[in-house]
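A look at the structure
Given next are the chains, with one letter for each unit.
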Amino acid sequence: MSTSRPSNSDNILNPETPSTSPAAADPTPEGNLPRHVAIIMDGNGRWAQGRGLPRIEGHRRGVATVRRTTEMASRLKLEALTLYCLSSENWKRPKTELDFLMHLLRQYLIEERRTLLEQNLRLRFIGRVDRLDEKVLREVERTQKLCRDNTGTELVLAVDYGGRDEIARATRRLVTKALEEGLSPDSIDEKLVAENLDTQGLAEVDLMIRTGGDMRISNFLLWQVSYAEFWFTQKCWPEFEDEDFQQALTDFGERTRRFGGLVPN
Ligand code: IPE
Ligand code: IPE
Ligand code: MG
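Residues numbered from 1 in each chain as written. Chains lettered and ligands numbered in written order. Predicted model: local features only at pLDDT ≥ 70, side-chain atom pairs only at ≥ 80, totals over all residues. Heavy atoms only, no water.

**Side note on the packing of aromatic side chains**
The tally for this structure, following the rule as stated, stands at seven aromatic pairs. Judged by centre distance (6.2 Å) and plane angle (20°), the ring pair of Phe 230 and Phe 232 falls under stacked. Residue Phe 230 is classed as partly exposed on the basis of its relative accessible area of 32%. Where Phe 240 meets Phe 245, the ring centres are 6.3 Å apart and the plane angle is 45°; that geometry is what we call tilted. When sorted by exposure, Phe 240 lands in the same class as Phe 245, which is buried. Taken together, the ring pairs in this structure connect Tyr 84, Tyr 161 and Phe 220 into an aromatic cluster. (Phe/Tyr/Trp six-rings, centres within 6.5 Å; stacked < 30°, edge-to-face > 60°. Buried < 20%, exposed > 50% of the residue type's maximum accessible area, 1.4 Å probe, protein only.)

Structure (structure tokens):
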């Protein structure tokens, strides 16, 4: 985990680290930064259809937004950025669209490896992953191996992920430990449940962003968002820009979080 978190007054877009991105000159978001941001990257299909393009073109354009957003998260030294790439319910979609999404994921991993290394990003997958096809799995493993020793922002890709599925798998694991390893039911508390989720060891989600105009959670990180701040935008994922991300971070910094308690005087 990053220990040198930037304060509001730090120049978090370190001028000594030249970046090729024009966004490097963007202003620092104001207020406290979240440790963990999760994003429901929605609206790819509608973005494309609205322009007379096939839905898959929206997914293709969405990858560019993933690149920009990840770069910004790493520049800002966020601890974790979790991106919802494919839900366990998305398997209901036509095979052609799913095949294209798998192709995109594989291409992304191959093309992005160098950048992930340069940006010192750690990489984690949450969700089933095991149901992905062999060719994609191979690139997942290769990329993870390559990023193994990185120490910066953790990029968490939720692929074939469902919050309920994750909780059911954690429950199964705990029951197995109880039956086979003598784990006492009395020792099962929130901490132990959290340790058996795919997100084990990650900070709680502080900020949940959803693009595409819908205001729902769609089975994403159900356990982990218990005290997250939510931020919605009508913009579709392919048109989500650094300025939008900054706005979300600035708005987050202005929110009052009480966690069930009272605001201190
Ligand atoms: C989000 O965009 C990406 C995935 C679910 C894979 P959509 O494909 O859901 O786009 P819309 O919401 O139909 O526009
Ligand atoms: C959520 O979007 C899943 C991802 C962004 C990967 P969906 O498009 O699947 O969500 P619903 O069906 O509109 O709730
Ligand atoms: Mg959608």
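**Side note on the site of ligand 2**
In the vicinity of ligand 2, the contacting residues are Ile 40, Met 41, Asp 42, Tyr 84, Cys 85, Leu 86, Asn 90, Arg 93, Arg 210, Arg 216 and Ser 218. Arg 216 places a polar side-chain atom, nitrogen or oxygen, 2.7 Å from an oxygen atom of ligand 2. Interatomic distance of 2.6 Å between a side-chain N/O atom of Ser 218 and an oxygen atom of ligand 2. Across the complex, the protein chains shield 78% of the 390 Å² of accessible surface that ligand 2 would expose by itself. Among the residues making up the shell around ligand 2, the classes are represented as five nonpolar, two polar and four charged. (Near = heavy atom within 4 Å. Polar contact = N/O pair within 3.5 Å; in protein donor to acceptor, adjacent residues only side chain to side chain. Areas by Shrake-Rupley, 256 points an atom, 1.4 Å probe, with all protein chains shown as cover. Nonpolar A, V, L, I, M, F, W, Y, C, P; charged D, E, K, R; others polar.)

**Re the site of ligand 1**
In the neighbourhood of ligand 1, 13 residues make up the surrounding shell, with Asp 42, Gly 45, Arg 46, Arg 55 and Arg 93 lying closest. Between ligand 1 and the protein, one listed contact pairs an oxygen atom with a backbone N or O atom of Gly 43 at 3.5 Å. Note that an oxygen atom of ligand 1 is positioned 2.7 Å from one of the backbone N or O atoms of Arg 46. In the complex, 88% of the free accessible area of ligand 1, which totals 370 Å², lies under the protein chains. Among the secondary structure elements, those contributing two or more residues to the shell around ligand 1 are α1 (44–49), α2 (55–75) and α3 (95–118). (Helix = DSSP H or I, 4+ residues; strand = E, 2+ residues; numbered from the N terminus.)

**A closer look at the pattern of salt bridges**
Scanning all chains against the criterion turns up 28 salt bridges. Between Arg 128 and Asp 130 there is a salt bridge, with the nearest N and O atoms lying 3.1 Å from each other. Classification of Arg 128 as partly exposed rests on a relative accessible area of 24%. Across the pair Arg 255 and Glu 229 runs a salt bridge whose closest N-O atoms are separated by 2.9 Å. Within this pair, whereas Arg 255 is found in the segment after α7 (242–254), its partner Glu 229 is found in strand β6 (residues 229–232), the two being separated by 26 residues in sequence. For Arg 255, a relative accessible area of 31% gives the class partly exposed. Looking at Glu 229, the relative accessible area reads 16%, which means it is buried. Here the residues in one salt-bridge network are Asp 42, Arg 46, Arg 210, Asp 214 and Arg 216, joined through shared partners. (Salt bridge = Lys/Arg side-chain N within 4 Å of Asp/Glu carboxyl O.)

**Side note on the sheet that holds strand β2 (residues 80–84)**
A sheet is described by the order of its strands in space; here six strands give the open sequence β3-β4-β2-β1-β5-β6, paired in parallel fashion. Each of the sheet's edge strands pairs with one partner strand only, and the pair in question is β3 (122–126) and β6. Strand-to-strand twist of the sheet, defined as the mean angle between neighbouring strand axes without regard to direction, takes the value 20°. Two strands pair when backbone bridges link them, and strand β1 (residues 36–40) and β2 are joined in this way by five bridges, in the parallel orientation. Within the sheet, the bridge partner assigned to Ile 39 lies in β2 and is Leu 83. (Pairing = 2+ DSSP bridges. Axes fitted to C-alpha atoms, helices over the stretch in contact; angles between N-to-C directions.)

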